[in-house]
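Listed here are the chains, written in short residue letters.
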Amino acid sequence: MKRSFIYLLVIMAAVSQLKQCDQGNAEQQQHPTFIILFADDLGYGDLSVYGHPTIRTPNLDQMAEEGLKWTNFYVGASVCTPSRAALLTGRLPIRSGMMSPVNRVLFPDSKNGLPASEITLAEQLKTAGYATACIGKWHLGHREQFLPTNNGFDYYYGIPYSNDMDLIVNFTTMGGYYDFWNSDERKDYHNFNVPLMRNTEIIERPANQHTITRRYTDESIKFIEENKDKNFFVYLAFNLPHVPLFASEEFEDTSPRGLYGDVVEEIDYNVGRILDTLRKTGLDESTIVVFTSDNGPWLIMNEQGGSAGLLREGKGSTWEGGMREPCIFWAPGRIKPGIVTGIGATMDLYTTFSTLAGVAVPDDRVVDGMDLSPALFEGKESPRREMFYYRGDRLYAVRVGDYKAHFITQSGYEPQATEHDPPLLYNVNVDPSEKYDIAADHPDMIEVINEVVRQHNEGLIKGPDMLKDRDELYINQ
């Protein structure tokens, strides 16, 4: 009798475990898992599927062939920190104080980071039981209270800010900052004392940047495999092809495009590893993967920077080349292959993924992200019709439908800004290179955009500047 009772308990436990497993699988089928692959300073024209003649990206090309390639996809800002804030909060970074007229990004001596009051995408998904990991570049605050593990991520492995920071080189002996980038000194990763962290602990300093793309991918694959029976969110933010450029031994001197091509092709290879892992684990049909970049190419770095293709200007500017990025959505069985010419933005990932996970979008604040589900799954038009282009705390340009008005123009890294009244006007579907000002022919469109600006400003509350404060010890050196 006692033995029979024990057998019964064992059977009941096994049945319970099977039910839990079935429930987990059902939840995965109902609510997809999410992976965001985020490059750094990759230009609109840097992938072969977006027209580059010598950079070979077969895995991203296949990803685009099997998924949705977006041709009018934007980031929230033209430089690192505010762009990443926009992605993870679904809000224009001017609202969170992550844009500043004083400092454009956070530095190793910055005092602040992403405000605790902001609700990140990771925090959203955690409420639905998702396991969450941030792998790669963070750049939303390096002090412990601002790190990923205090912003909804269960696990963090990466560098806390840009890979060119913490330089330990005396520029005065070399002629200046830009002379350094033309010297052999830039090829030594020891000159960049950037820390590699696991959660809140520094595990390597300086980070060996020759192997960092592979190691980020290794960590991501490990997390995927460890969490394959539950919903998860992986935010894999490569810190390349931001300068300094480093490739592994396997990829160095292999691309016709030179070192920049080596780096992009290595990223492509590792994107392939991620997708292969999803296929092998059977997660490919329950996962949505997005590939894009944080801002346009750093053109002042010459051959070490990328290409915006036919778009005007690059990183740092509010011309199209600064904020329009390659973007590919991949989800076999969920997304029908095609090309989307409508407008999308990284902020929309916040709202789209929250909705797909069954999580309500916060209603106690303005969320700028839109649900792209109709465009992704139903073949309908994208719901986004407007895009705001900020530089610092000023609104430089606005796009409404096909038309974009520039109220202020400025090259990415030139100090001089030019104000325009009336604004410059371009049809960026007809003229994506922004060559032909048609303001005189379309005063009606300028009126429409002015009204959009008026309404936007009416409801805008700028957050306190989180980027301006730095340690005086460093500033005065």
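Residues numbered from 1 in each chain as written. Predicted model: local features only at pLDDT ≥ 70, side-chain atom pairs only at ≥ 80, totals over all residues. Heavy atoms only, no water.

(A) Looking closely at the overall build of the chain. Secondary structure assignment for the chain yields 13 helices and 14 strands. By principal-axis analysis of the C-alpha atoms, the chain measures approximately 90 × 55 × 45 Å. Put simply, the chain has 477 residues, and 59% of those count as buried. Intrachain contacts of the chain at a sequence separation of at least 6 include 70% that bridge at least 24 residues. (Helix = DSSP H or I, 4+ residues; strand = E, 2+ residues; numbered from the N terminus. Buried < 20%, exposed > 50% of the residue type's maximum accessible area, 1.4 Å probe, protein only. Contact = heavy atoms within 4.5 Å.)

(B) Looking closely at the sheet that holds strand E12 (residues 394–400). In space, the 4 strands of this open sheet follow the order E11-E12-E13-E14, with antiparallel pairing throughout. What marks the edges here is a single partner per strand, and that holds for strand E11 (386–391) and strand E14 (418–427). Neighbour-to-neighbour, the strand axes of this sheet turn through a mean angle of 20°, independent of strand direction. Sitting on the sheet, helix H12 (residues 443–458) touches E11, E12, strand E13 (403–409) and E14, and the angle it makes with E12 is about 125°. (Pairing = 2+ DSSP bridges. Axes fitted to C-alpha atoms, helices over the stretch in contact; angles between N-to-C directions.)

(C) Seen up close, the layout of surface pockets. In this model, the second largest pocket occupies a volume close to 370 Å³. In this structure, the second largest pocket is lined by 25 residues; those nearest its centre are Val340, Gly342, Lys380, Glu381 and Ser382. Counting residues per element, the ones that place at least two in the lining of the second largest pocket are strand E10 (338–345) and helix H11 (373–377). Here the lining of the second largest pocket gets 6 residues from one element, more than from any other, and that element is E10. (1 Å grid on protein atoms, 1.4 Å probe; cavity = no way out; pocket = protein on both sides within 12 Å on 5 of 7 lines; lining within 4 Å. Points joined across faces, edges and corners; volume = space filled by probe spheres on them.)

(D) How the structure looks around the sheet that holds strand E6 (residues 201–204). One open sheet accounts for 10 strands, arranged E6-E5-E4-E3-E7-E1-E8-E9-E2-E10; its pairing is mixed. Edge positions in the sheet fall to E6 and E10, since each has one partner strand and no second. Averaged over all adjacent pairs, the angle separating strand axes in this sheet is 20°, with direction ignored. With 5 bridges joining them, strand E1 (residues 33–39) and strand E7 (residues 232–237) adopt parallel strand pairing. Looking at E7, one finds that Phe34 is bridged to Phe233.

(E) Geometry of the packing of helix H7 (residues 212–226) against helix H8 (residues 259–280). Viewed as axis vectors pointing N to C, H7 and H8 meet at an angle of 10°, and their least axial separation amounts to 10 Å. Between H7 and H8, the interaxial angle falls into the category roughly parallel. Judged by residue contacts, Thr213, Arg214, Thr217, Asp218, Ser220, Ile221, Ile224 and Glu225 of H7 engage Glu266, Ile267, Asn270, Arg273, Ile274, Thr277 and Leu278 from H8. (Parallel < 35°, antiparallel > 145°, perpendicular 65-115°, else oblique.)

(F) Representation of the pattern of salt bridges. Counted by the stated rule, this structure contains 28 salt bridges. The salt bridge partner of Arg143 is Asp471, with a shortest N-O separation of 3.3 Å. One end of the pair, Arg143, is in the loop between strand E3 (131–136) and strand E4 (155–158); the other, Asp471, is in the loop between H12 and helix H13 (472–475), with 328 residues separating them in the sequence. Residue classification places Arg143 among the partly exposed positions, given a relative accessible area of 27%. Judged by relative accessible area, Asp471 falls into the partly exposed class, the value being 23%. A salt bridge links Asp276 to Arg279, with the shortest nitrogen-to-oxygen separation between them at 2.8 Å. Pair noted here: Asp276 and Arg279 are both in helix H8, with a separation of 3 residues, about one helical turn. Accessibility expressed as a relative area gives 32% for Arg279, which makes it partly exposed. Because the salt bridges share partners, they merge into one network encompassing Asp40, Arg84, Lys137 and Asp294. (Salt bridge = Lys/Arg side-chain N within 4 Å of Asp/Glu carboxyl O.)

(G) Quick look at the packing of aromatic side chains. On inspection of all chains with the given rule, the structure shows 20 aromatic pairs. Between Tyr177 and Trp181 the ring centres are 6.0 Å apart and the planes differ by 75°, which places this aromatic pair in the edge-to-face class. Take Tyr177: its relative accessible area is 27%, and that puts it in the partly exposed class. Judged by relative accessible area, which is 2%, Trp181 ranks as buried. For the cation-ring pair, Arg312 lies above Trp319, with the distance from its terminal atom to the ring centre recorded as 3.7 Å. Directly above the aromatic system of Trp298 lies the positively charged group of Lys315, at a separation of 3.8 Å from the ring centroid. (Phe/Tyr/Trp six-rings, centres within 6.5 Å; stacked < 30°, edge-to-face > 60°. Lys NZ or Arg CZ within 6 Å of the ring centre and 35° of its normal.)

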